[in-house]
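# Observations on the model geometry
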Amino acid sequence: MKVVNEVNWMIGGPQGTGVDSSANLFSQACATAGLWIFGKREYHSNIKGKHSYFQVRVSDKPIHSHVDDVHILATFEDSTARLHAHEVVKGGALIYDPTKIMLDDLDLKSGIITLPIDFNTTLRHVAEVTGEEYGKLAIIKNTIAVSASMALLRMDISLMEETLTRIYTGKKAKFVGLNMAAVKKAYEAVDALPDELHAQFPYHLEPKKNTPKRLLINGAQANSLGKLKAGCRYQSYYPISPATDESNYLESHPEYGIAVVQCEDEIAAIDMALGAATTGVRASTATSGPGFCLMAEGLGWGGMNEVPIVLFDYQRGGPSTGLPTRHEQGDLMFAAFGGHGEYPRLVMAPSTIDDHFHLAFESFNYADKFQTPVIILNDKFLTHSLETIPPFKEDHLVIDRGRLATPQELETAIADGKGFPRFRPDAKTVVSPRPYPGQEGSPYWMTGDEHDDYGHITENPETRMKMHEKRMSKYKLMLEQIPEDRQFSLHGDPNADITLVCWGTTYGVLEDALPVLKEKGIKANFLHLRMLVPFPIATEKILKKAKKLVIVENNFGTQLGHLIRMATGIFISSQVVKYTGRPMSLDEIVSSVEKLSKKEIKPEMDPLTGQSIEKVVLTYGL
Amino acid sequence: MVSKLQAPLTVAAYKSDVHNDWCPGCGDFGILQAVQQCCAELALPPWETMVFAGIGCSGKVFNYMSTHGVHTLHGRVLPFAVGAKLANPDLEVVAVGGDGDGYGIGAGHFVHAGRRNVDMAYIVMTNEVYGLTKGQAAPTLGRGQQTKSLPQPNTNDAIQPLALALSSGYTWIGRSYAFDGKHLKEMIKKAIDHKGMALLDVLQPCPTFNDIHTAEWFNKKVKGPGENVMLPRIFNINEAGHDGSVKDPTNFDEVADKQRKAFEMAYYYGDRAPVGLFYEIKLPTYVERMQAQAPLLKKYAPARVPYEDASHLPTTDLSKSYEEFLF
Ligand SMILES: Cc1ncc(C[n+]2csc(CCOP(=O)(O)OP(=O)(O)O)c2C)c(N)n1
Ligand code: SF4
Ligand SMILES: [Mg+2]
């Protein structure tokens, strides 16, 4: 039975040997063919040598998640074959190097097509026909693996040439010929397979004509573009995985006039961004857990001084250095409560790669509108996942700098001669007018100490109350002024039997799971919280109405679950969690919801709350 | 709008009416006054001037100025000030703070600020104690010394801030004394005028907690190494012949020679206290380096790069960047 345009391809190898470039080549070729892809990258905190792999799922229609079954496993050394062979489905294919590995050593299902390619001999052949030095060709192994896969999938060889021509331009154009020699050799090897083997392999890719233009992009890139669009022109950072990619992207684009400053530590990174923000520039920093912790004091200063600033926390496995290159939704509690004393902060998390662009854009408006720090919780999963998505919609985007000082207000300040009343609560807007240094009449004072309207230090209890209440009332403004459809969304049949509750990047897998569950006779919908602090209390009615709630989070203790309980009193005792450092696959979600709906899960005691819970702990993936 | 010319920029124009709560006789008064005089002499428009301060007695300077005054976090005055200067190089940015703030908790930032050579003056009030937390040892207090509130003599050796500044890349390094108003004012002016990162370390008596290095101690006449006569403890190294200004920054020998001499002066081992300009060199500032990499920043400060039109629609055109991703 032919399976057209539904394939899950995997390539692996030691870090630093071109696994990423092969996945890019494969993804770009599929995207060029008008197909839709979702690619997931897994790698160690290591530069060279440790095992890494990339999984690319290809489809006829848009997809937002990865699956467990592998249809083609492409390897050019022994470790990947050993580690992943068992994931190849019956009817799938394995591309391997017979000089490196014996098939008998692998945990292979029966009925798998095995395609031996002697990579070194192939490279020698490429060296001969192109005259290139053999020693310089190691990286071309990737092209061979990708091309053999494409040939198996019956994609035309011209697609490889088209893609390579797009990748290698200018000075690098000479690599097209070199790679094409390898491509041809790989196609020949596949052609040489007996016809009955070809007939056995059901997976085909067929180019789709008339697919509209799409972006093939990852979360870090989408996020960076959203920031640039918003007018962010100052970023300070300290290197840390997986946040660095964003700063790197921004620094590689000096044409936008953004100052990107690599600091001595994360304390400097947040404080420099705060200093920059005081001048009126839209400023931000990007970090991950360990750095985020170091920023706690600075964020509080920003809250106290009502500085618009956006912090992008690219979550990874914690605590401490934890799993530096793996995924987790573990920083929600810290984002919500980290720091001493009380100050208002807006915490939000993007749902999809497209939403990375939009939320990054919006976040600067919110920071300006509420004049307080905004924390955006990104994560390793989508930061490094590749997806084909429609181009970002830009028509509706508007810049909102919030309450700025008017010329009259500046004039009054000059006449009064007491400085600008920067912190005087405005009867209508609550937040106060903000002048920029450089404007005549602008001078005012800022201090982390409690202060009066002008920013003078005071310990007067009444002033303290007035100022503290003003700042904390921003939570109310956020709830009122951020449109509900930006705070949360409900997907699927509102009267479903099961309501899955999630936040952040589990959105995609739940979106893909609903139709699959439906086919299996399970009526489920999902509630996604995009805004986390303040708690979007309008979700309460949905939560109360739901027939059965299941919380889905990539952490141990269901951090959103705790926020929900705090805000509404609702305790969600059915839980699907994963804390292996890997994101949840479509198969995992579907099977866990099935188990919960069939009441197959034994209750246990939740060590965090002492409550009885039914918990599905997901474990799949290396 | 009131025209800039209508408001004469006298010293009074830089004083806020906030009550000053430093202890009587505190050296910080001298420093504050000198900063205000400099602002007036340089006619810095208060609305274009930002004074960033650390946390400590010294940090309160922020509130006594009527420019923009920013009281930051303990040890973090430099990152805040650097961020503001890079975001808008048209602003005059001055950083001030205590010796605990700058050389202790903020030592990491102190070092890296030197490497960046941002165009600003950093004035450190060196009183050898943590004034605001009631007199603990600052990193400038010598080993074995026991100022008033130390339960035991100090167990740590002192750092030498001028030498640290030198090895960190500060391009202007000077020292002055809080109660020598004339010298102090001239030095602050030079530090502000210098195009690059300037450190001015100011010896600041703290009559409340530092009962060793008091104003009386500074005023005493003593003998220096190899000197036979009694001379004022504080002596001006430039008047004594030290020339720390590098004439040709590309001349390796000259740079090495001036650095060596500045280093020797910083470690002056006698009983006398050297003040003056120790070292000075002209190197490209961080903003100039940034502009070389992002030419648009030559035209606009980051805080002034256009990004929206009159109806607040974003004007940043991403289409060139999209090309890379479009399939
Ligand atoms: C993170 C942090 N730790 C400790 C303190 C308490 N603290 C306030 S001022 C200060 C020392 C100030 O000493 P110095 O910088 O020398 O300034 P001085 O008071 O001597 O002018 C300390 C430790 C603080 N504010 N923040
Ligand atoms: S404690 Fe010392 S430094 Fe602080 S105000 Fe008093 S005299 Fe000045
Ligand atoms: Mg001190």
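Procedures and definitions
Each chain carries its own residue numbering, running from 1 in the direction its sequence is written. All chains are assigned letters beginning with A, and all ligands numbers beginning with 1, in the order in which they are written. Given that this is a predicted model, residues contribute local features only at a pLDDT of at least 70 and side-chain atom pairs are listed and counted only at 80 or more, while totals for whole chains, interfaces and linings are drawn from all residues. Only heavy atoms go into the side-chain values, all of them from the structure, while hydrogens and water stay out. The angle between two axes is taken between their N-to-C directions and runs from 0 to 180 degrees, where each axis is a line fitted to C-alpha atoms and a helix contributes only its stretch in contact. Helix and strand labels come from DSSP, where a helix needs a run of H or I of at least four residues and a strand needs a run of E of at least two; each type is numbered from the N terminus. Working definition: roughly parallel below 35 degrees, roughly antiparallel above 145 degrees, roughly perpendicular at 65 to 115 degrees, and oblique for all remaining angles. Crossing handedness is read from the near helix: turned anticlockwise from the far helix by less than a right angle, it gives a left-handed crossing, and turned clockwise, a right-handed one. Should any heavy atoms of two residues lie within 4.5 Å, those residues are counted as being in contact. Each residue gets one of three labels, nonpolar for Ala, Val, Leu, Ile, Met, Phe, Trp, Tyr, Cys and Pro, charged for Asp, Glu, Lys and Arg, and polar for the others, Gly among them. In what follows, a disulfide is any cysteine sulfur pair within 2.5 Å. Buried residues are those whose accessible area, probed at 1.4 Å on protein chains only, stays under 20% of the maximum for their type, while exposed residues exceed 50% and partly exposed ones sit between those limits. Domain boundaries shown here were taken from an automatic or database domain assignment. Here the arc refers to the set of directions running from the helix axis out to each C-beta atom.

### So, the packing of helix H6 (residues 161–168) of chain B against helix H9 (residues 252–266) of chain B
Residues and elements named next belong to chain B. One way to put it is that H6 packs onto H9 with a least axis distance of 8 Å and a crossing angle of 160°. When the interaxial angle is binned, H6 and H9 end up roughly antiparallel. As for the relative orientation of H6 and H9, their crossing is left-handed in sense. Touching Leu162, Ala163 and Leu166 of H6 are Gln259, Ala262, Phe263 and Ala266, all from H9. When grouped by side-chain class, the residues that make up the contact of H6 with H9 number 6 nonpolar, 1 polar and no charged.

### Observations regarding the state of the cysteines
All names here are of chain A. Inspection of the entire model under this criterion finds 0 disulfides over all chains. A disulfide-free cysteine, cysteine 232 has its sulfur positioned 13 Å from the sulfur of cysteine 263, the nearest such atom. Since its relative accessible area comes to 0%, cysteine 232 is described here as buried.

### So, the domain arrangement of chain A
Split by domain assignment, chain A resolves into domain 1 (3–211), domain 2 (216–389), domain 3 (407–478) and domain 4 (484–617). Put simply, the middle of domain 1 of chain A and the middle of domain 3 of chain A, counted by C-alpha atoms, are 61 Å apart.

### A look at helix H9 (residues 244–251) of chain A
Three or more residues of H9 of chain A are buried, namely Glu246, Ser247, Tyr249 and Leu250 of chain A. Take H9 of chain A and look down its axis: the buried residues cluster within an arc of 160°, on one side only. Check the buried side of H9 of chain A and you find it contacts helix H8 (219–230), strand E10 (232–237), strand E11 (259–262), strand E12 (282–287) and strand E13 (309–315) of chain A together with helix H12 (319–323) of chain B.

### Describing helix H5 (residues 107–116) of chain B
Residue and element names in this part refer to chain B. Restricting attention to buried positions, one finds in H5 the residues His109, Phe110, Ala113, Gly114 and Arg116. The buried side chains of H5 occupy one side of the element, clustering within an arc of 160° when seen end-on. A positive phi of about 55° marks asparagine 117, the residue just after H5.

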